[in-house]
Amino acid sequence: MTKTEIKIEIQKVLDNVPENVLQDILDLLKGLQNHSGDKIEMTHALRQILTEDKELLEKLAK
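Residues numbered from 1 in each chain as written. Predicted model: local features only at pLDDT ≥ 70, side-chain atom pairs only at ≥ 80, totals over all residues. Heavy atoms only, no water.

(A) Structural context of the overall build of the protein chain. From N to C terminus, the protein chain includes 4 helices and 0 strands. Reading the helices (α) and strands (β) of the protein chain from amino to carboxyl end gives α-α-α-α. In summary, the protein chain has a C-alpha radius of gyration of 15 Å against a globular reference of 11 Å for 62 residues, an excess of more than 25%. The principal-axis extents of the C-alpha atoms in the protein chain amount to approximately 40 × 30 × 25 Å. Relative to its 62 residues, the protein chain shows a buried fraction of 2%. (Helix = DSSP H or I, 4+ residues; strand = E, 2+ residues; numbered from the N terminus. Rg over C-alpha atoms; globule rule 2.2 N^0.38 Å. Buried < 20%, exposed > 50% of the residue type's maximum accessible area, 1.4 Å probe, protein only.)

Put into structure tokens, the structure is as follows:
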């Protein structure tokens, strides 16, 4: 997808998001502007690991 296509898809999703969530999304996006690409990539990778291994992490926590 091109940058323009991605922006169009994001706008479609935002049009269907409840109004009270929009401020959180805006804050998140503004926060991402202030971080380097490497830090954002590392955060994304960590989030993916936590999501994929949620059950394992819950078992380890017990």
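From this point, the discussion proceeds with the structure in view.
(B) Quick look at the layout of surface pockets. Its boundaries defined by the atoms lining it, the largest pocket holds a volume of some 180 Å³. Lining the largest pocket are Leu 28, Leu 32, His 35, Lys 39, Ile 40, Thr 43, His 44 and Arg 47. Those elements that place two or more of their residues in the lining of the largest pocket are α2 (19-33) and α3 (37-52). In terms of residue class, the lining of the largest pocket is built from 3 nonpolar, 3 polar and 2 charged. (1 Å grid on protein atoms, 1.4 Å probe; cavity = no way out; pocket = protein on both sides within 12 Å on 5 of 7 lines; lining within 4 Å. Points joined across faces, edges and corners; volume = space filled by probe spheres on them. Nonpolar A, V, L, I, M, F, W, Y, C, P; charged D, E, K, R; others polar.)

(C) Broad picture of the pattern of salt bridges. Using the criterion set out here, one finds 1 salt bridge in the structure. Close ionic contact of Lys 12 with Glu 9 constitutes a salt bridge, the shortest N to O distance being 3.2 Å. Here Lys 12 and its partner Glu 9 are both found in helix α1 (residues 3-14), 3 residues apart, which amounts to about one turn of the helix. Of the residues examined, Lys 12 reaches a relative accessible area of 46% and is grouped as partly exposed. (Salt bridge = Lys/Arg side-chain N within 4 Å of Asp/Glu carboxyl O.)

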